[in-house]
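Here is how the chains run, residue by residue.
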Amino acid sequence: MSHQRVIVVDFGGQYTQLIVRRVREFGAYSEMVPWTTAAEKIAAEKPTAVILSGGPRSVLEENAPTLDFSVLEGIPTLGICYGQQLMAHRTGGRVTGADHKEYGQRELTTITPGSLVSNMGSNSVWMSHGDQVVEVPAGFTVTASTETCPVAAMENVGIKRWGVQFHPEVTHTPGGKAILKGFLDNAGIVGDWTAQNFIDEEVEKIRAAVGPEERVLCAVSGGVDSSVMAALLIKAIGDRALCVFVDHGLLRKNEAEQVEETFGGHFGANLKVFKEHDRFFGALAGIKDPEAKRKTIGAQFVQVFEDHADELKGCDWLAQGTLYPDVIESGSPTAAKIKTHHNVGGLPDWMRLKLIEPLRWLFKDEVRAVGRLLGLPDEMVDREPFPGPGLGVRVLGEVTPDRVRMVQEADWIFRSELRSRDLHKGIWQSYAALLDVRSVGVMGDERTYEQPIVLRAVESEDAMTARAVAIPFDVLEWVATRIVNEVQGVNRVFYDLTSKPPATIELE
Ligand code: XMP
């Protein structure tokens with residue numbers, strides 16, 4: 001089935017991905033296309049609507065990013081910021097460098113009743129621009145302005161073109177969603193793209209791609225992406241999806257059991273579990289340096305696959321949990337590049353099989369919605385990001401079974417106390433780690449000389465920056481009490497208040 005689609009032309013704006021997400025929230029399939037290739041794509045695909053993004057350049061510069069507007073004829077188009085300026089500049093209006101740069105929250109002072117921007121419910125908008133439109137093209141009317149911006153919005157309904165100088169896609173423009181919705185309604189978008197029909201179509205695509213005798217190797221880690229990917233493959237090709245789970249002993253409490261229960265039990269998948277605790281702990285013995293630990297864990301992964309090669313060699317495809325943001329970042333939405341297998345630390349060469357990436361069109365929240373519909377348990381679908389080397393980077397110093405046990409127990413207590421109070425919502429990651437020092441304490445009448453646990457909980461948008469979460473003191477105190485009482489070998493608990501930067505989210 002072919003969907004209505006909305007092409008978002010990217011002129012290098014920092015919010016372009018957000019536009020795509022917003023459009024998808026209205027149930028319309030949307031794709032981001034770089035301006036350099038947009039004209040051909042639009043001409044070939046005849047999308048239902050086009051949105052021109054913002055961007056850092058000036059339309060007045062030589063070699064400024066541009067678009068052949070003739071391909072847009074008859075296609076409803078919304079220009080945002082740079083997109084509006086380009087629309088004006090290329091179709092007979094005029095743009096100048098403004099005397100005052102507008103940056104931040106602004107109030108619209110005039111709004112034309114009945115126009116696209118008249119249904120916002122709030123006059124507050126988010127501006128971020130230097131240039132501005134000073135004359136609209138023939139046939140357009142100015143539909144909003146601010147004190148310093150004469151054309152905050154313009155439209156020509158006859159040819160289905162709209163422009164806004166501000167950013168409707170950011171939450172700082174409270175009425176922004178109404179504008180995008182209004183535009184999509186005007187364009188005749190009906191909202192025919194849902195998680196359910198994504199599943200139906202992807203299942204069909206997988207069946208069409210993978211030959212009837214072929215098999216797909218699917219490494220599951222317990223994380224959201226690999227779990228959803230596996231569930232999708234199982235639905236599509238049943239036991240020809242060979243799910244492999246390497247249990248290295250460095251997962252959190254109950255996670256390995258959950259993977260086995262979900263895939264082996266609930267889904268009845270063709271699941272191979274390689275239980276390799278001894279191998280990993282053996283290789284990690286005596287290693288304290290963080291990088292050396294990561295390398296060792298990565299190398300052991302490769303070794304596990306090498307050692308089980310006979311069981312895996314019948315596979316023709318390798319499934320990878322690439323998501324849309326990775327696709328966008330790689331710069332080429334159509335290139336099926338083999339990237340580093342970041343979650344398993346590299347795979348052997350013979351595993352460079354044909355690559356299948358069933359989630360490559362989805363954002364993380366869409367992956368979660370698909371996972372839920374496929375019947376994955378909430379704990380898996382809502383799982384926080386977890387590093388590939390697992391608790392190996394949360395046990396500072398040497399990684400031994402006993403030290404991993406301490407982290408698993410403390411982590412379980414911390415996160416279940418957060419969950420039972422509903423404090424986990426809005427937290428990006430929360431965990432317990434074990435420091436590589438000892439300190440003195442007293443328990444009963446006995447002096448102790450044991451190890452401290454560090455608790456960390458951060459809020460973040462994308463893991464690039466992060467801030468410690470203000471967990472109520474009484475909760476922290478109760479968690480500390482429980483950990484020291486219940487986790488043998490721990491006699492002190494710290495809470496990490498550092499933001500990223502200068503710290504990182506993980507301790508190693
Ligand atoms: P840092 O500690 O660099 O972490 O602030 C940023 C995000 O990346 C996760 N992380 C990893 N993820 N393999 C992964 O798949 C790794 O080796 C790894 N190291 C850190 C970390 O949990 C956080 O979400």
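Residues numbered from 1 in each chain as written. Predicted model: local features only at pLDDT ≥ 70, side-chain atom pairs only at ≥ 80, totals over all residues. Heavy atoms only, no water.

Turning our attention to the state of the cysteines. Two cysteines whose sulfur atoms are joined by a covalent bond form what is called a disulfide. Here the structure, examined in full by the defined rule, presents zero disulfides. In this model C149 remains outside any disulfide bridge; the closest cysteine sulfur is found in C81, 9.3 Å from its own. We note that C315 lacks a disulfide partner, and the nearest cysteine sulfur, in C218, lies 9.8 Å from it. Residue C315 is classed as buried on the basis of its relative accessible area of 7%. (Disulfide = S-S within 2.5 Å. Buried < 20%, exposed > 50% of the residue type's maximum accessible area, 1.4 Å probe, protein only.)

For the rest of this paragraph, the subject is the sheet that holds strand β1 (residues 5-10). In sheet architecture, strand pairing relies on hydrogen bonds along the backbone and comes in two forms, parallel and antiparallel. The strand order across the open sheet formed by eight strands is β2-β1-β3-β4-β10-β9-β8-β6, and the pairing between neighbours is mixed. Where the open sheet ends on each side, the last strands, each with one partner, are β2 (29-34) and β6 (110-111). Judged from the four bridges that link them, strand β9 (residues 153-156) and strand β10 (residues 161-164) form a sheet pairing that is antiparallel. When the sheet's bridge partners are listed, E155 is paired in β10 with W162. Of the strands in this sheet, β1, β2, β3 (49-52) and β4 (77-80) are in contact with helix α1 (residues 16-25), which crosses β2 at around 160°. (Pairing = 2+ DSSP bridges. Helix = DSSP H or I, 4+ residues; strand = E, 2+ residues; numbered from the N terminus. Contact = heavy atoms within 4.5 Å. Axes fitted to C-alpha atoms, helices over the stretch in contact; angles between N-to-C directions.)

Here we take up the site of the ligand. Taken together, 13 residues sit near the ligand, with R294, Q429, K500, I505 and E506 positioned nearest. G388 places a polar main-chain atom, nitrogen or oxygen, 3.1 Å from a nitrogen atom of the ligand. Isolated, the ligand exposes 500 Å² of accessible area, and the fraction of that covered by the protein chains is 75%. Counted by class, the shell around the ligand contains six nonpolar, four polar and three charged residues. (Near = heavy atom within 4 Å. Polar contact = N/O pair within 3.5 Å; in protein donor to acceptor, adjacent residues only side chain to side chain. Areas by Shrake-Rupley, 256 points an atom, 1.4 Å probe, with all protein chains shown as cover. Nonpolar A, V, L, I, M, F, W, Y, C, P; charged D, E, K, R; others polar.)

Another aspect to go through is the packing of helix α5 (residues 195-209) against helix α6 (residues 224-237). Where α5 contacts α6, the two axes come as close as 9 Å, and the packing angle between them is 65°. Once α5 is placed against α6, the crossing between them reads as right-handed. Listed contacts from α6 to F198, I199, E202, V203, I206 and R207 of α5 are L232, L233, K235, A236 and I237. Counted by class, the contact of α5 with α6 contains eight nonpolar, no polar and three charged residues. (Left-handed = near helix turned anticlockwise from the far one by under 90°.)

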